[in-house]
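Coordinates in review
If you want the building blocks of each chain, they are given just below.
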Amino acid sequence: MKREITVVEQRCPKNHRCPAIFACPRGAISQANDGTPMIDKEKCTNCGICLNYCPFKVFQA
Ligand code: SF4
């Protein structure tokens, strides 16, 4: 089965600019007003690049 990248919101301290926003080649990651990163499933190709950019492992395959 194809993997799908998801956001594990509880792991995010929500107190900084998400570094994965700039790492995503598709521009699929944005941040909600409370700091929670969000993935636009229409844009995401599930490449997995963002997995390496969050020190809190918020992005999960
Ligand atoms: S899996 Fe790839 S395309 Fe999807 S949000 Fe992460 S970096 Fe962007």
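Everything discussed here concerns the structure shown above.
The notes below deal with the structure included here. Since the structure is predicted, the reported quantities are computational estimates derived from the model, not experimental observations.

**Section: the pattern of salt bridges**
The tally for this structure, following the rule as stated, stands at two salt bridges. Among the ionic pairs, K41 bridges to E4, the shortest N-O distance being 3.5 Å. One end of the pair, K41, is in the loop between β3 (37-39) and β4 (59-60); the other, E4, is in the segment before β1 (6-7), with 37 residues separating them in the sequence. Judged by relative accessible area, K41 falls into the partly exposed class, the value being 40%. With relative accessibility at 45%, the residue E4 sits in the partly exposed group. Across the pair K14 and E9 runs a salt bridge whose closest N-O atoms are separated by 2.8 Å. K14 sits in the partly exposed class, given a relative accessible area of 28%.

**Some points on the site of the ligand**
The local shell around the ligand holds 13 residues, among which C24, C44, C47, G48 and C50 are the closest. Assessed atom by atom at 2 Å from the grid points, the ligand resides in the largest cavity. Residue composition of the shell around the ligand, by class: nine nonpolar, three polar and one charged.

Criteria and cut-off values
- Residues numbered from 1 in each chain as written.
- Predicted model: local features only at pLDDT ≥ 70, side-chain atom pairs only at ≥ 80, totals over all residues.
- Heavy atoms only, no water.
- Salt bridge = Lys/Arg side-chain N within 4 Å of Asp/Glu carboxyl O.
- Helix = DSSP H or I, 4+ residues; strand = E, 2+ residues; numbered from the N terminus.
- Buried < 20%, exposed > 50% of the residue type's maximum accessible area, 1.4 Å probe, protein only.
- Near = heavy atom within 4 Å.
- 1 Å grid on protein atoms, 1.4 Å probe; cavity = no way out; pocket = protein on both sides within 12 Å on 5 of 7 lines; lining within 4 Å.
- Sits in = over half its atoms within 2 Å of the grid points.
- Nonpolar A, V, L, I, M, F, W, Y, C, P; charged D, E, K, R; others polar.

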